[in-house]
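Structure at a glance
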Amino acid sequence: MAKQYWLMKSEPDAFSIDDLIKAKGQTSHWDGVRNYQARNFIKNGMKVGDLAFFYHSSCKVPGIVGTVEIITPPQPDPSAFDPKSPYFDAKSTQTHPRWYMVDVKFKQKFNDPITLESLRMNPLLKGFTLLNKGNRLSVMPVSFAQWQTILKMMSSPKDK
DNA sequence: GCCAACGTTGGC
DNA sequence: GCCAACGTTGGC
């Protein structure tokens, strides 16, 4: 099956792309997703080798800051089993796990973030899920066309 | 810090 | 199964 593309949000105060760069092997669990629609994208859609944009949300300048690679199949999110974790969910059990995660590996960090504002201004991204009014999904698919469009924004001098 | 928009919960 | 109340997300 062809490679799929994704966008994954994180609050940089909790986990930033620099945290991923500093992590052992530049890899990390992408845990704590507690939304069914986002969970379904992870559980039913993600495969090893897929690529994702790393998006910083709830911060001074929201935007895409780099890319990561999916390096494990979807697996039960252990933080849901841990009573001490802020992501603990008593309704998720070992036999019937409710929440899933993948591991990601750092690929690249952009010299300058591709800001939410600049994404909104790009007419080629009309209809992109991230830009939809009221969107709150923390994991969402990105079409190959959108992926290419966004990567071009990174390399274009006029966006600097 | 505000608040619009959305998702979840729980009573009925 | 409806829907009001509540909690959360996330841009501004």
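Heads up: the structure comes first, above all this text.
Let me sum up the structure you'll find in this document. Note that the structure is predicted; figures quoted are calculated from it, not measured.

Calculation notes
Residues numbered from 1 in each chain as written. Chains lettered and ligands numbered in written order. Predicted model: local features only at pLDDT ≥ 70, side-chain atom pairs only at ≥ 80, totals over all residues. Heavy atoms only, no water. Phe/Tyr/Trp six-rings, centres within 6.5 Å; stacked < 30°, edge-to-face > 60°. Helix = DSSP H or I, 4+ residues; strand = E, 2+ residues; numbered from the N terminus. Buried < 20%, exposed > 50% of the residue type's maximum accessible area, 1.4 Å probe, protein only. Near = heavy atom within 4 Å. Polar contact = N/O pair within 3.5 Å; in protein donor to acceptor, adjacent residues only side chain to side chain. Nonpolar A, V, L, I, M, F, W, Y, C, P; charged D, E, K, R; others polar. 1 Å grid on protein atoms, 1.4 Å probe; cavity = no way out; pocket = protein on both sides within 12 Å on 5 of 7 lines; lining within 4 Å. Points joined across faces, edges and corners; volume = space filled by probe spheres on them. Pairing = 2+ DSSP bridges. Salt bridge = Lys/Arg side-chain N within 4 Å of Asp/Glu carboxyl O.

Some points on the packing of aromatic side chains
Within the structure shown, the criterion is met by eight aromatic pairs. Ring plane angle 40 degrees and centroid distance 4.7 Å describe the contact between Y5 and W147, whose orientation is recorded as tilted. A residue pair is termed long-range when its members are at least 10 positions apart, and Y5 in strand β1 (residues 5-10) and W147 in helix α4 (residues 144-155) qualify at 142 residues. The class for Y5 is buried, based on a relative accessible area of 13%.

Thoughts on the protein's contact with DNA strand C
Taken together, K9, Y55, S57, S58, P62, L116, R136 and L137 are the residues near DNA strand C. At 3.0 Å, a backbone N or O of S58 approaches a phosphate oxygen of DNA strand C. Here the surface near DNA strand C is built from residues that sort into four nonpolar, two polar and two charged.

Digging into the environment of A90
One can find A90 in the loop between β5 (75-76) and β6 (100-101). Under the relative-accessibility criterion, A90 is labelled exposed at 58%. Sequence separation between A90 and E11 is 79 residues, and the spatial gap between their C-alpha atoms is 24 Å.

A closer look at the layout of surface pockets
Volume-wise, the largest pocket comes out at about 410 Å³. Residue lining of the largest pocket: 17 residues in total, with K9, S10, E11, D31 and Y87 positioned closest to the centre. Every element with two or more residues in the lining of the largest pocket is listed here: β1 and β2 (27-29). Tallied by class, the residues present in the lining of the largest pocket amount to six nonpolar, six polar and five charged.

A look at the pairing of strand β4 (residues 63-70)
Extensive coverage of β4 is indicated by the burial of seven of its eight residues. As defined by bridge partners, strand β3 (residues 51-56) adjoins β4 across six bridges and the pair is classed as antiparallel. Across the sheet, the residue bridging to F54 is G66, located in β4. Where β3 hands over to β4, the hairpin turn is made up of six residues, of which S58 adopts a positive phi near 55 degrees. Pairing between β4 and strand β7 (residues 103-115): seven bridges, direction antiparallel. Its bridge partner lying in β7, T67 is registered against Q108.

Focus on unusual backbone geometry
Positive phi is not limited to glycine here, since Q26 has a value of about 50 degrees. Considering the arrangement of structural elements, one finds Q26 in the loop between α1 (17-22) and β2. Of note in the backbone geometry, S58 takes a positive phi value of approximately 55 degrees without being a glycine. With respect to the helices, strands and loops of the structure, S58 is situated in the loop between β3 and β4. Given a relative accessible area of 57%, S58 falls into the exposed group.

Quick notes on the pattern of salt bridges
The final tally for this structure, using the stated rule, is five salt bridges. The salt bridge partner of K47 is D50, with a shortest N-O separation of 3.2 Å. K47 gets classed as partly exposed once you look at its relative accessible area, which sits at 21%. Between K107 and E69 there is a salt bridge, with its nearest N and O atoms 3.9 Å apart. Remark: E69 occurs in strand β4 and K107 occurs in strand β7; sequence separation between them is 38 residues. In this structure E69 comes out as partly exposed when scored by relative accessible area, which is 22%.

Nothing here speaks to function; it is all geometry.
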